[in-house]
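# An overview of the molecular structure
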Amino acid sequence: PSLPTLSTDETYPEQPPARPLPEWISNKYACERQTPLVCPNQPFADALSTIKLARELSGDRVGVRAYASAIAAVKTFPWAFEQGGERELGKVPGVGKKVTMLLREWLQTGRLTEVEALEKDEEFTTCRLFWNIWGVGPSTAKHLYQQGFRTLEDVKLQYWGRLTREQQIGLKYFDDIGMRIPRDEVAELGRIIQTMAVQITDGGNGVHSVICGGYRRGKEMSGDVDIIMTHRTQWQHLVQRLTEALEKTGWVTHVLSISKSMSERGGHPPELHAEKGIWQSGWGGADSLDKSLLVFRSPTTPPGSEAKILHRRVDIIISPPSAFGTAIVGWTGGTTFERDLRRLLKERKGWRFDSGGVVDRATGHVVDFGEWETAEEAERAVFRGCGMEWIDPELRNTG
Ligand code: OXD
Ligand code: MN
Ligand code: MN
């Protein structure tokens, strides 16, 4: 008897196994999908991140948005792609033709030629190095490259006097600041800051703080510490008092920048016409809250110790109690989660989301999410008030 005919490899890609996708996967906004820290297609997501960074460094905003959406889509996908999987990926909103073609290349060859070319490209790798200096954005990185600089040493020796004070600090402590911070140490830094806030205000009842950023999304190692804090009655100008107290005790070695505009406005988010100024200000975390961007001593080399100081980056963000929920939401999600949250509220409700408060565009009124007892209650009230299903912080890793 003759053997049954086996299907050939060529036909397989046309027939990927039909697997049911979770219903939420076709939601348009990344803030309404579950996105884990590490996904089944992580190497492909990482490769796309390299291309996205290249778009960022060349000032291609449209490209950055397209790749950001695609990365969020890949990261939300619940299983590893197999041959032909580009058609499955195409079902997640925000994925364009270009990225489905990249996935096809990836599945067929296990690589992306564009990424390999970038890693060999001197301009890209040099601009990436300079962009990693704290305070250096894409245009300065490019400028330094065009000046002929290729190493950090070049910049130090030939451009030092033309760097801003912040960039000088970023360059001086480049190695320290680039080193990731383990979870235990992030938590310890949070305790040091919380304790100081309690000491300089009316006791423990008023102060609430939550460490947000990548730490809250579950990262084992963080780039910095992002701590959100409020005080029931003394939040105003706390940013200044707390920063000074931490400087006096030696924990803070450098203040990169400090912003007190929320205190100065008396706790209101800015007028709508100010929107452009805030959102175009260039760095991702821009919002209307009081904040202090700092360099700290690591608790492994505390004040008074003889060891060579290890420096850590810490952001302290202070909100009025009425904005504690929006501050936590705004400082927890990945960049695309936050971008899509703003799009969703604009399109569905006519609201403008800011970590310092949500404003109804039609009336100019601040949306009231109600009273809270705990940080979790404050955050859940924002999701509820925005008409959104709760998403755990660990599932807001959109990149
Ligand atoms: C970090 C983050 O790593 O917030 O600092 O994601
Ligand atoms: Mn961070
Ligand atoms: Mn930060």
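Given the structure is predicted, the values throughout are model-derived calculations rather than measurements.

## Here's the deal with the sheet that holds strand 6 (residues 290–297)
- In space, the five strands of this open sheet follow the order 2-4-7-6-5, with mixed pairing throughout. Looking at strand neighbours, the two that pair on one side only are strand 2 (207–211) and strand 5 (252–259), the edges of this open sheet. Strand after strand, the sheet turns through a mean of 20° between neighbouring axes, direction not considered.
- Bridge analysis of strand 2 against strand 4 (residues 225–231) gives five bridges, and the strand direction is antiparallel. What sits directly across from I211, in strand 4, is I227.
- Taken strand by strand, helix 9 (residues 165–172) contacts strand 5 and strand 6, and its axis lies near 145° from that of strand 5.
- Along the sheet, helix 16 (residues 324–332) makes contact with strand 2, strand 4, strand 6 and strand 7 (311–319), crossing strand 4 at roughly 175°.

## Considering the state of the cysteines
- Counted under the stated rule, the structure contains zero disulfides.
- With no disulfide of its own, C212 lies 16 Å from the sulfur of C386, the closest cysteine sulfur.
- Here C386 stays free of any disulfide, with the sulfur of C31 as its closest cysteine sulfur at 9.0 Å.

## Looking at the coordination of the manganese ion (ligand 2)
- Taken together, D224 (OD) and D226 (OD) make up the protein donors of the manganese ion (ligand 2), found 2.1 to 2.2 Å from the metal.
- The distance between the manganese ion (ligand 2) and the manganese ion (ligand 3) comes to 3.7 Å, and D224 binds to both of them.
- Residue D226 is classed as buried on the basis of its relative accessible area, which comes to 10%.

## Quick look at the domain arrangement of the protein
- Annotation of the protein at the domain level lists domain 1 (23–116), domain 2 (132–172) and domain 3 (181–395).
- Relative placement of domain 1 and domain 2: their C-alpha centres are 32 Å apart.

## Some remarks on the side chain of S263
- With respect to the helices and strands, the residue S263 is situated in helix 14 (residues 261–264).
- A relative accessible area of 3% means that S263 is categorised as buried.
- For S263, the side chain forms a polar contact with the main-chain nitrogen of H237, separated by 2.9 Å.

## Details of the coordination of the manganese ion (ligand 3)
- Taken together, D224 (OD), D226 (OD) and D315 (OD) make up the protein donors of the manganese ion (ligand 3), found 2.1 to 2.2 Å from the metal.
- Mapping the donors of the manganese ion (ligand 3) onto the primary sequence yields the spacing D-x1-D-x88-D.
- The class of D315 is buried, set by a relative accessible area of 5%.

## Looking at the site of ligand 1
- Near ligand 1 the following residues occur: G213, G214, R217, K219, S222, G223, D224 and D226.
- Taking R217, its side chain carries an N or O atom lying 3.3 Å from an oxygen atom of ligand 1.
- Note that an oxygen atom of ligand 1 is positioned 2.9 Å from one of the backbone N or O atoms of G223.
- Burial of ligand 1 by the protein amounts to 82% of the accessible area it has alone, namely 210 Å².
- Of the residues belonging to the shell around ligand 1, the class tally is no nonpolar, four polar and four charged.

## Structural notes on the nonpolar core
- If you look at the biggest cluster of nonpolar residues, it comprises 42 residues, and the most contacted ones within it are F44, L48, L89, F130 and V155.
- Looking at this core, the elements with two or more residues in it are helix 1 (42–57), helix 2 (61–76), helix 4 (97–109), helix 5 (113–120), helix 6 (122–131), helix 7 (138–146) and helix 8 (152–159).
- Both domain 1 (23–116) and domain 2 (132–172) contribute no fewer than three residues apiece to this core.
- In this structure L48 touches Y67, A70, I71, V74, V99 and L102, once residues within four positions along its chain are discounted.
- Core analysis: the second largest hydrophobic core is formed by 41 residues, V207, V255, W331 and A378 among them.

Definitions and limits used
- Residues numbered from 1 in each chain as written.
- Chains lettered and ligands numbered in written order.
- Predicted model: local features only at pLDDT ≥ 70, side-chain atom pairs only at ≥ 80, totals over all residues.
- Heavy atoms only, no water.
- Pairing = 2+ DSSP bridges.
- Helix = DSSP H or I, 4+ residues; strand = E, 2+ residues; numbered from the N terminus.
- Axes fitted to C-alpha atoms, helices over the stretch in contact; angles between N-to-C directions.
- Contact = heavy atoms within 4.5 Å.
- Disulfide = S-S within 2.5 Å.
- Donors = N, O, S within 2.8 Å, 3.2 Å for Na, K, Ca; no water.
- Buried < 20%, exposed > 50% of the residue type's maximum accessible area, 1.4 Å probe, protein only.
- Domains from an automatic or database assignment.
- Polar contact = N/O pair within 3.5 Å; in protein donor to acceptor, adjacent residues only side chain to side chain.
- Near = heavy atom within 4 Å.
- Areas by Shrake-Rupley, 256 points an atom, 1.4 Å probe, with all protein chains shown as cover.
- Nonpolar A, V, L, I, M, F, W, Y, C, P; charged D, E, K, R; others polar.
- Core = buried A, V, L, I, M, F, W, Y, C linked by side-chain atoms within 4.5 Å.

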